[in-house]
Structures are given as structure tokens and as C-alpha cells.
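In case you want the letters, here they are:
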Amino acid sequence: MRFHHLVVSLATALVIAAPVSAKTIKVSADTTDANEKLQEALILAEPGDVVQLAAGVWQLTDGLSLAVPGVTIRGAGAGEGGSILDFSRQEGAGEGLLVTSDDVFLTNFAVVNTKGDGIKSKGADRIVYHQLRVEWTAGPKETNGAYGIYPVESTDVLVDSVYVRGASDAGIYVGQSKNIIVRESIATENVAGIEIENSYNADVHDNIATKNTGGILVFDLPSLPMQGGHNVRVFENIVNDNSTPNFAPKGNIVASVPTGTGVLVMANRNVEIFDNIFDNNGTANVMIVGYRYEHKDPKYQPLPRAIVVRDNVHGKAGYAPKFPGGDQIAAAMGGAIPPVLWDGSGDAIVLDKVGVLSLNLPDVATPQSDAKPSPADLSKGTPPAPLPAIKLPESMEAKVR
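Anyway, here's the lowdown on the structure attached to this text. (Residues numbered from 1 in each chain as written. Predicted model: local features only at pLDDT ≥ 70, side-chain atom pairs only at ≥ 80, totals over all residues. Heavy atoms only, no water.)

1. A short note on the pairing of strand β3 (residues 56-59)
Part 1 of the reasoning: Only one face of β3 is buried, namely the one carrying G56 and W58, since none of V57 and Q59 on the opposite face is buried.
Part 2 of the reasoning: Both β3 and strand β6 (residues 83-86) contribute to a ladder of 4 bridges, which runs parallel. In the strand pairing of β6, Q59 is matched with D86. (Buried < 20%, exposed > 50% of the residue type's maximum accessible area, 1.4 Å probe, protein only. Helix = DSSP H or I, 4+ residues; strand = E, 2+ residues; numbered from the N terminus. Pairing = 2+ DSSP bridges.)

Put into C-alpha cells, the structure is as follows:
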């Protein structure tokens, strides 16, 4: 009898949770008013609905927006022959798609050649980006949009199996958010391949970051509503050949990222970098630095703290360092600097059996020109307890299975 009541209760709960009128709204690219039809579908969709994009190339002149919670936008694939949202003729400078609602699932389509960001979500909790492509097809150019995949100010973010190429800031960027997973994705020919900024509790794993200026960045910046970035794990990624010259517009913080950077941690705390494969990063495989720019934020903490680097595989690195004075340091050290570069600020533990170069600049107010580079041994400290794995709501994981 108790089992019968449980079954009835569960059935009732499912009926309440699932909209009875959930429907699939099919939209075709083969109409002269495809832009209007697609935006209309996104406006009229109700929670639980699927907006189904037919295969084809959508020639769009205006950005799209979704403000309805619980909607799925599903295409027919992100590659050739799939659903390609082409913004080459975009008239405004905004993003291709903006999502401002919760519980949205974006899957199996491509966004190309936007004037601004590719796909942005703001304040959208439990959002899933899955099997998407965002690309500027002419390759790296300063005039490309800043961000490819761009969730910000969110709780529970999943980026799974996406491909991003050509972003003039970051290909995959998650900012001012918490509870984040970025996995099984490819970021290539961006300034920053993957960036976690001013965020809490993130796992970045099983990705390929290649041919960017910098492969994976973990930053904390001043004067933002959410600060104190911490608890980030970067593991089991392939980070190689990050050799694209920096093409970020001048004034952007990533414009200072040296070409040839594998993983760069700046002013963050409790960051673990482990079980990655590094190779052919001309400046460094791992760089750990403080924030050395002027700011007026009294609450900001500019030092990296409790950074742990362990169990990584290091290939060729440090043979073409692109920071001021790097070439002279490399020449003095026989042609290359060690794979791990530390500016000397904050604290870090490096357990990998590779060399560490310290610039011996513990005070972030000291200019880099005062650097006194020398080898450093960062293996003696006691690492903090390992960070826990990030677990997202099962409802999110179920969407990608």
C-alpha cells in the first residue's frame, strides 16, 4: 500500500513538473523572413517547448534573444549540413543569440561570423551549452567578436562538446558564476581558449586548447560585482601549440597574455592544475602571476594563493617567451626558460618534476622591469586538501545523455 501511494505521488509530481502543452516549434531557414520567424518562435515558446531548427544556412541580419525559461533550442547539427546561423550580414554589433532565462538547453547548431559575441547568456541558471559551434570563419582577426560561448552571472553552467574558433577575447568564457563544468570541448585560434573569470567552483577537464594565444586562463579582476575567484580545477586537458599572435583589441586585459601560454592563473586562489598534457607552448606551460595593473578597488586581492600544479606531462616549452625581457632570459638559460613561470607573488606549490622560473617580484606594485629571474623550488610546501568534484543538477546531465 505504501508503495502504491509512492507511485501515485511520483506520477502526480511528474505531471505537475512537465507542461502538458509542451510542443515542438519547427522553423525553416528556407524563407525570406527566416530571421523574423525564428525570433517569433523564441518569443512565443513556452516552458518545456523545443524550438527545432531545420538544416540549412540561416542568413541573419539581426541578433536573436530568448527570455522564456525551460526552452530547448535544437538544431540538426553543428557541422556542414547542419543548422548554421550565419551572421555575416548582421547590421548591429550585438551577440548572435542572447539568453536571459533559466533552464535553457542549447544543442546541435552553429553560430558563425557575429559582429559581437557568439552565444551569450546572462543571469541564466542551469544553462546547458551542448554540441555547438561558434566560429569566425576567416580565422583570427581583431574585428571578430570578443566571446564565443559566454555565460555570465549564473549558477550551474554546463559547457559540453562545443567548438570555438576565432574569438578576439575568449573562445569559451564563464564569468561571475558558480558551479561550472567545461568539458570535452575544443578551443582553437582564439586569444584565450578557455577562461574562468571571477567565478567559484569550476571544473575544466577533457578539453583541447590549441593554437590560441593562451590556452586556459583562470583570472580574478577588480571592480566587478562578484570577486574572489576560487576553487577551480583544470585537469586532463590537452594544452598544446598555443602559438597564435595576440590579436585582442588594445585595452582588453587579455591583450597582455603572452603568445605561447599554456595555463595562466592570475590573482585566483585554490586552483588545482593536474593530469594535463602540455606541449609546444613557447612562453610557458603554466604561468602563475599577480594582478599588476592599476586599480581603485579596496576589496580586491591581487595575489595568487594556494595554487597547486601536479602530475602533469610537460613537453617542449619556454623556447620563445613573449613577455618583456623573456628572450634575454631564455638566451641566458641556454635557449629556453623552464616550463613553469612564477612572478614571485602569492604562493604556489609545484610538484611536477620540471623547472620553475621565478621573476622574484613578490610585490605586485613592483614593475616587471625590476625582475631578478632565478630558478625556484616550489615543491616543499604542503598542498591543501584536494578540491571536490563539481556536481551539477541531474536534470542538466540528463539533457546531454
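2. What about helix α2 (residues 34-44)?
Part 1 of the reasoning: For α2, every residue scored as buried is listed here: A34, N35, L38, Q39, A41 and L42. Considered in projection along α2, the buried side chains sweep an arc of 155 degrees and stay on one side of the axis. Turned more than 90 degrees away from the buried face of α2, the exposed residues are E36, I43 and L44. (Arc of directions from axis to C-beta.)

3. Some words on the sheet that holds strand β32 (residues 374-375)
Hydrogen bonds between backbone atoms are what pair the strands of a sheet, whose relative direction is either parallel or antiparallel.
Part 1 of the reasoning: As summarised here, the arrangement of the 12 strands in space is β4-β7-β9-β11-β14-β17-β20-β23-β26-β29-β31-β32, forming an open sheet in which the pairing is mixed. Each having just a single partner strand, β4 (64-66) and β32 make up the two edges of the open sheet.
Part 2 of the reasoning: Here strand β14 (residues 170-175) runs beside strand β17 (residues 192-197); their pairing, made up of 5 bridges, is parallel. Paired with A170 across the two strands is A192, which belongs to β17.

4. Things to note about the pattern of salt bridges
Part 1 of the reasoning: Across all of its chains, the model carries 16 salt bridges by this definition.
Part 2 of the reasoning: Of the charged contacts, one joins D311 and R310 as a salt bridge, the two residues approaching to 3.0 Å between their closest N and O atoms.
Part 3 of the reasoning: Judged by its relative accessible area of 48%, D311 is partly exposed.
Part 4 of the reasoning: Connected via shared salt-bridge partners are R133, E135, R165 and E189. (Salt bridge = Lys/Arg side-chain N within 4 Å of Asp/Glu carboxyl O.)

5. Describing the packing of aromatic side chains
Part 1 of the reasoning: Enumeration according to the criterion identifies 6 aromatic pairs in this entry.
Part 2 of the reasoning: Taking 4.6 Å as the distance between ring centres and 50 degrees as the angle between the ring planes, the aromatic pair formed by Y147 and Y173 counts as tilted. On the criterion of sequence distance, the pair formed by Y147 in strand β11 (residues 147-152) and Y173 in strand β14 is long-range, its members being 26 residues apart.
Part 3 of the reasoning: Residue class for Y147 comes out buried when judged on its relative accessible area of 14%.
Part 4 of the reasoning: For Y173, a relative accessible area of 4% corresponds to the buried category.
Part 5 of the reasoning: Cation over ring: R310 sits above F274, and NZ or CZ is 4.2 Å from the ring centre. (Phe/Tyr/Trp six-rings, centres within 6.5 Å; stacked < 30°, edge-to-face > 60°. Lys NZ or Arg CZ within 6 Å of the ring centre and 35° of its normal.)

6. A short note on the layout of surface pockets
Part 1 of the reasoning: Space inside the largest pocket adds up to approximately 340 Å³.
Part 2 of the reasoning: As for the largest pocket, its lining consists of 19 residues, and the residues nearest its centre are S256, M287, V289, Y293 and Q368.
Part 3 of the reasoning: Put simply, the parts of the chain that give the lining of the largest pocket at least two residues each are β23 (261-266) and β26 (284-289).
Part 4 of the reasoning: The space that makes up the second largest pocket amounts to roughly 170 Å³.
Part 5 of the reasoning: In terms of lining residues, the second largest pocket is bounded by Y147, Y150, V152, D169, Y173, Q176, E195, E197, L221, L224, I253 and V254.
Part 6 of the reasoning: With 3 residues, β11 is the largest single contributor of residues to the lining of the second largest pocket.
Part 7 of the reasoning: Of the residues assigned to the lining of the second largest pocket, the class counts are 8 nonpolar, 1 polar and 3 charged. (1 Å grid on protein atoms, 1.4 Å probe; cavity = no way out; pocket = protein on both sides within 12 Å on 5 of 7 lines; lining within 4 Å. Points joined across faces, edges and corners; volume = space filled by probe spheres on them. Nonpolar A, V, L, I, M, F, W, Y, C, P; charged D, E, K, R; others polar.)

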